[in-house]
Amino acid sequence: MNKDVGFFNFSVNKILTKDQTILDQARIRLLYYGLWLAIIAVGAVWLNLYVEHREILTYSTSLLFLSLVILFKYLTFRPRWGIISHILLVLATMVNLTNVFITLQSVDIITAQITFLIIVFSFYMLGQTCGLFYSLVNLIPILIFLVLMFNSSYVIGLKPKVVDESTKIISICATFIFIIFIQNYFYRAFIKNIRQLKVTAEERGSLNVELEKVLEKAEKSSQAKSEFLSTMSHEIRTPMNAVIGMTNLLMMGNPRPDQKDNLEILKFSANNLLALVNDVLDFNKIESGKVVFENIKFNLVELMQNVCGGQRLKAEEKGLDFILEIDNNLRNKDVFGDPTRLSQIIFNLVSNAIKFTHNGTVWVNVTQLEDRHNIITVDFSVKDTGIGIEKENLDMIFEPFTQESITTTRQYGGTGLGLAIVKRLLELQNLRMSVQSQPAKGSEFSFNMEFPVTTESVAEPEKQPVIAATAKAVESIGTPRVLIAEDNMVNVMLMKKLFSKWNIVPTIAENGERAIEMVQYGNFDIILMDLQMPVLNGFDAAVEIRKLPDPKKANIPIIALTASALFDIRERVFGSGMNDYVSKPFKPDELREKMQTLLSSTSTPIQT
Ligand code: ADP
């Protein structure tokens with residue numbers, strides 16, 4: 001509503017505002033001009049009655065005239081068309097019924113006109129319910145009157161003796177003009193409304209097209225960013241592998257103690273950089289929704305021992321106590337889930353606990369909370385006596401690239417991606433991490449996870465013999481005939497140098513297709529297969545090798561060499577028929593162990 005309208009306003013334009021709908025504006029205009037017309041018409045009737053000396057009718061018409069003037073003033077001051085319409089309809093109904101029952105005591109053309117006017121006006125101005133109400137309030141008494149007239153029993157003495165013809169003519173004309181006026185106004189408003197709707201629809205259509213374009217652009221740019229990050233990280237990984245590989249080689253070559261120290265620093269920094277690149281790659285992958293969770297059988301106790309094994313050494317190097325407590329109920333159970341992702345979560349939490357604790361203890365607790373219908377709920381908790389986190393920062397630390405403070409970055413390094421990855425990995429499985437922490441006292445990060453349990457009874461893993469076998473394997477790998485499928489020349493050089501330490505001269509195939517040919521026409525005991533190669537990649541090459549007609553060749557052990565630290569590689573490697581995989585940069589001992597295990601399990605004689 002327009003608040004600036006003064007009391008002496010008489011203009012309709014001032015009471016119209018932009019927030020009124022087209023229909024409401026038409027209603028206000030209709031009332032404005034309608035009231036003008038009514039004032040003129042009633043004024044004319046009043047003048048006529050006054051000249052004719054009809055006193056009672058002159059008084060009642062004066063009252064009506066005055067009411068119309070007040071309503072007109074009210075409208076031009078505060079355009080409350082709803083209330084004004086109700087008052088007008090009540091007045092019109094009173095006039096109509098007074099005409100029928102008292103003044104005229106008949107139903108003539110004026111009654112029909114006024115009734116029609118009331119019906120049209122009430123529907124247009126106030127909608128269906130009020131329209132029906134006023135229509136019935138007028139029609140029902142008229143019908144009752146007609147029935148009474150039919151029985152000729154209705155006559156009351158108030159009827160004027162002579163019906164004044166001129167008043168009648170003025171009323172008939174004025175009412176007709178009203179009816180035409182209302183119809184005209186609403187027809188125009190209706191057409192205008194339809195046009196407006198069309199324009200709005202067209203505008204909305206073009207806005208939608210624009211929105212779609214902008215969305216597409218945003219999606220493309222986000223995809224480009226993702227791809228750029230991914231490509232960059234991969235590109236950085238390749239030379240990093242070479243740096244770490246070379247460092248490993250140099251360390252195997254009995255360096256002087258001072259050289260060894262420098263090499264240790266080189267290896268530490270290169271590993272840190274690689275971890276950072278891996279985090280960026282992994283986070284990018286999670287953010288672009290490409291993470292698929294595995295559902296494979298694994299043993300929780302073994303997983304925890306593996307993840308915490310290396311971490312325990314790190315903690316002890318820092319002089320911290322490291323306690324890993326695993327619920328006894330979990331010892332003989334195998335569960336289904338994604339061991340790689342779970343390891344990643346625990347690894348991140350334990351690394352942080354060790355990193356942010358100067359003295360005291362790091363506890364890792366794994367407790368079975370519930371066991372129902374072969375689904376267990378397990379609580380994982382990592383607690384430390386470290387520097388702790390301020391309460392107001394507890395949410396912030398889960399944001400990507402965010403650390404508690406600048407001092408954290410300066411003192412402890414890191415990217416601030418670890419907890420963001422952990423949080424998103426849990427969220428993708430509908431799980432939540434809870435944190436409790438007190439500055440200078442310590443922190444506890446915990447979460448619950450459900451696992452289906454296998455029904456087969458699982459024997460306690462016999463650790464000792466495996467370790468013994470491995471130790472033996474490291475000692476004697478023999479000189480097997482090794483085929484390496486690898487396209488990167490630096491990597492080839494690295495592998496050759498590494499193998500020369502074990503007195504093995506590997507054969508090199510520069511892509512997957514060459515590798516298949518060489519297997520067909522040559523004799524090899526084991527294949528090391530890079531996965532990303534031109535012409536034919538490692539996965540497809542492995543599939544083809546497994547299809548070779550000669551069973552001896554089709555069953556050659558194949559170890560995948562993955563440059564990708566991404567965590568879904570495992571399933572694809574086994575799916576394409578390869579026996580195992582090592583991630584680049586591989587630790588020489590790990591590769592040697594895996595080769596030996598596979599070689600000793602085949603019937604292929606090992607060359608010595
Ligand atoms: P980063 O370890 O690379 O700094 P994270 O995302 O793993 O990144 O952790 C984010 C921040 O949360 C850390 O920088 C640190 O301020 C805080 N934080 C995480 N774990 C702990 C902990 N156990 N004790 C104290 N602060 C922690």
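Thresholds, definitions, all that
Residues numbered from 1 in each chain as written. Predicted model: local features only at pLDDT ≥ 70, side-chain atom pairs only at ≥ 80, totals over all residues. Heavy atoms only, no water. Helix = DSSP H or I, 4+ residues; strand = E, 2+ residues; numbered from the N terminus. Rg over C-alpha atoms; globule rule 2.2 N^0.38 Å. Buried < 20%, exposed > 50% of the residue type's maximum accessible area, 1.4 Å probe, protein only. Contact = heavy atoms within 4.5 Å. Areas by Shrake-Rupley, 256 points an atom, 1.4 Å probe, with all protein chains shown as cover. Pairing = 2+ DSSP bridges. Axes fitted to C-alpha atoms, helices over the stretch in contact; angles between N-to-C directions. Core = buried A, V, L, I, M, F, W, Y, C linked by side-chain atoms within 4.5 Å. Parallel < 35°, antiparallel > 145°, perpendicular 65-115°, else oblique. Left-handed = near helix turned anticlockwise from the far one by under 90°. Nonpolar A, V, L, I, M, F, W, Y, C, P; charged D, E, K, R; others polar. Near = heavy atom within 4 Å. Polar contact = N/O pair within 3.5 Å; in protein donor to acceptor, adjacent residues only side chain to side chain. Phe/Tyr/Trp six-rings, centres within 6.5 Å; stacked < 30°, edge-to-face > 60°. Salt bridge = Lys/Arg side-chain N within 4 Å of Asp/Glu carboxyl O. Patch = residues over 30% accessible without salt bridge, like charges linked within 9 Å, V, L, I, M, F, W, Y side chains within 5 Å. Lys, Arg positive; Asp, Glu negative; His and termini not counted.

Novice: Talk me through the overall build of the protein; I want residue IDs and the actual numbers.
Specialist: A count of helices and strands for the protein gives 17 helices and 12 strands. On C-alpha atoms alone, the protein measures out to a radius of gyration of 46 Å, which is more than a quarter above the 25 Å that the 2.2 N^0.38 rule sets for 608 residues. Counting only C-alpha atoms, the protein reaches 140 × 60 × 50 Å along its principal axes. For the protein, the residues scored as buried account for 43% of the 608 residues in total. Taking the intrachain contacts of the protein between residues at least 6 apart in sequence as the baseline, contacts between residues at least 24 apart amount to 71%. When the accessible area of the protein is evaluated, it comes to approximately 33,500 Å², of which 59% is carbon and sulfur surface.

Novice: Pulling in residues and values, what's your account of the pairing of strand S4 (residues 361–372)?
Specialist: Within a regular strand, the side chains alternate between the two sheet faces. Where strand S2 (residues 321–326) lies against S4, six bridges are found, and the strand directions are parallel. By the bridge assignment, phenylalanine 322 is partnered in S4 with valine 362. Here S4 folds back onto strand S5 (residues 375–384), and the loop between the two strands holds two residues, one of which, histidine 373, carries a positive phi near 45°.

Novice: I'd love a proper account of the sheet that holds S5, names of residues and values included.
Specialist: Read across the open sheet, the five strands follow the order S2-S4-S5-S7-S6; overall the sheet is mixed. The open sheet has two edge strands with one neighbour each: S2 and strand S6 (434–438). Between one strand axis and the next, the sheet turns through 15° on average, direction left out of account.

Novice: Tell me what's going on with the nonpolar core, and back it up with residues and numbers.
Specialist: Soluble globular proteins: nonpolar side chains tend toward being buried together. Within the largest apolar cluster, 50 residues are counted, with the highest numbers of intra-cluster contacts made by Leu342, Phe380, Phe447 and Phe451. Ignoring any residue separated from it by four or fewer positions in sequence, one finds phenylalanine 380 in contact with Leu300, Met304, Leu342, Ile346, Asn365, Val366, Phe445, Ser446, Phe447, Met449 and Phe451.

Novice: Run through the packing of helix H2 (residues 55–77) against helix H3 (residues 81–103), naming residues and quoting values.
Specialist: Between H2 and H3, whose axes approach to 10 Å, the crossing angle comes to 165°. When the axes of H2 and H3 are compared, the pair comes out roughly antiparallel. Both H2 and H3 take part in a crossing whose hand is left-handed. Facing Leu57, Leu64, Ser67, Leu68, Leu71, Tyr74 and Leu75 of H2, the residues of H3 in contact are Ile83, Ile84, Ile87, Leu88, Leu91, Val95 and Thr103. Its residues placed into classes, the contact of H2 with H3 shows 12 nonpolar, two polar and no charged.

Novice: Can you explain the site of the ligand? Please cite residues and give values.
Specialist: By nearness alone, 21 residues border the ligand, and Asn352, Asp384, Gln403, Gly416 and Leu419 come closest of all. For the ligand, an oxygen atom lies 2.7 Å from a polar atom in the backbone of leucine 419. Here the ligand loses 97% of its free accessible area of 530 Å² to cover by the protein chains. It is helix H8 (residues 339–355) that contributes the most residues to the shell around the ligand, three residues altogether. Class assignment for the residues of the shell around the ligand results in eight nonpolar, 10 polar and three charged.

Novice: Give me the lowdown on the packing of aromatic side chains, citing residues and values where you can.
Specialist: Throughout the structure, instances matching the rule amount to 20 aromatic pairs. For the pair phenylalanine 7 and phenylalanine 8, a centre-to-centre distance of 5.4 Å together with 85° between the ring planes defines the contact as edge-to-face. The class for phenylalanine 7 is partly exposed, based on a relative accessible area of 45%. Of the residues examined, phenylalanine 8 reaches a relative accessible area of 67% and is grouped as exposed. Relative to phenylalanine 72, the ring of tyrosine 32 lies with its centre 5.3 Å away and its plane at 40°, an arrangement referred to as tilted. In this pair, tyrosine 32 sits in helix H1 (residues 22–51) while phenylalanine 72 sits in helix H2, placing the two residues 40 residues apart along the sequence.

Novice: For the pattern of salt bridges, give the residues involved together with the corresponding values.
Specialist: What the rule picks out here adds up to 16 salt bridges. Taking the shortest distance from any N to any O, the salt bridge between glutamate 544 and lysine 547 comes out at 3.4 Å. The class of glutamate 544 is partly exposed, set by a relative accessible area of 34%. The partner of aspartate 580 in a salt bridge is lysine 594, and the shortest N-O contact between them spans 3.5 Å. With a gap of 14 residues between them, aspartate 580 in strand S12 (residues 580–583) and lysine 594 in helix H17 (residues 588–601) connect regions that are remote in the sequence.

Novice: Let's hear about a nonpolar patch on the surface: which residues, and what values?
Specialist: Together, Leu136, Ile140, Ile144 and Leu148 line one region of the surface with nonpolar side chains, adding up to about 330 Å² of accessible area. Within the secondary structure layout, isoleucine 140 lies in helix H4 (residues 109–150).

Novice: Can you lay out the side chain of serine 443 for me, pointing to particular residues and giving the numbers?
Specialist: Tracing the chain through its elements places serine 443 in strand S7 (residues 442–452). Owing to a relative accessible area of 6%, serine 443 belongs among the buried residues under this scheme. At 3.0 Å, the side chain of serine 443 and the side chain of serine 437 are in polar contact. Residues within four places of serine 443 in sequence aside, it is in contact with Val382, Lys383, Asp384, Gly388, Ile389, Gln436 and Ser437.

Novice: Which residues make up the side chain of aspartate 327, and what are the values?
Specialist: Locating aspartate 327 in the fold gives a position in the loop between S2 and strand S3 (334–337). Among buried charged residues, aspartate 327 stands out as having no salt bridge; its nearest opposite-charge side chain is lysine 333, 7.7 Å away. Beyond its immediate stretch of four places on either side in the chain, aspartate 327 contacts Val366, Thr367 and Gln368.

Novice: Describe the packing of H1 against H3, with residues and values.
Specialist: For the pair H1 and H3, the least separation of the axes is 10 Å and the interaxial angle reads 45°. One element, H1, and the other, H3, form an angle in the oblique class. Both H1 and H3 take part in a crossing whose hand is left-handed. Of H3, the residues touching H1 (which contributes Asp24, Arg27, Ile28, Leu31 and Leu35) are Trp81, Ile84, Ser85 and Leu88. Taken together, the residues of the contact of H1 with H3 break down into six nonpolar, one polar and two charged.

Novice: How would you explain the environment of glutamate 165 if you had to name every residue and give the values?
Specialist: Here glutamate 165 is to be found in helix H5 (residues 165–252). By relative accessible area, glutamate 165 is classed as partly exposed at 48%. A sequence separation of 397 residues divides glutamate 165 from threonine 562, and the C-alpha atoms of the two residues are 108 Å apart.

Note that all results are geometric; they support no functional claim without further evidence.
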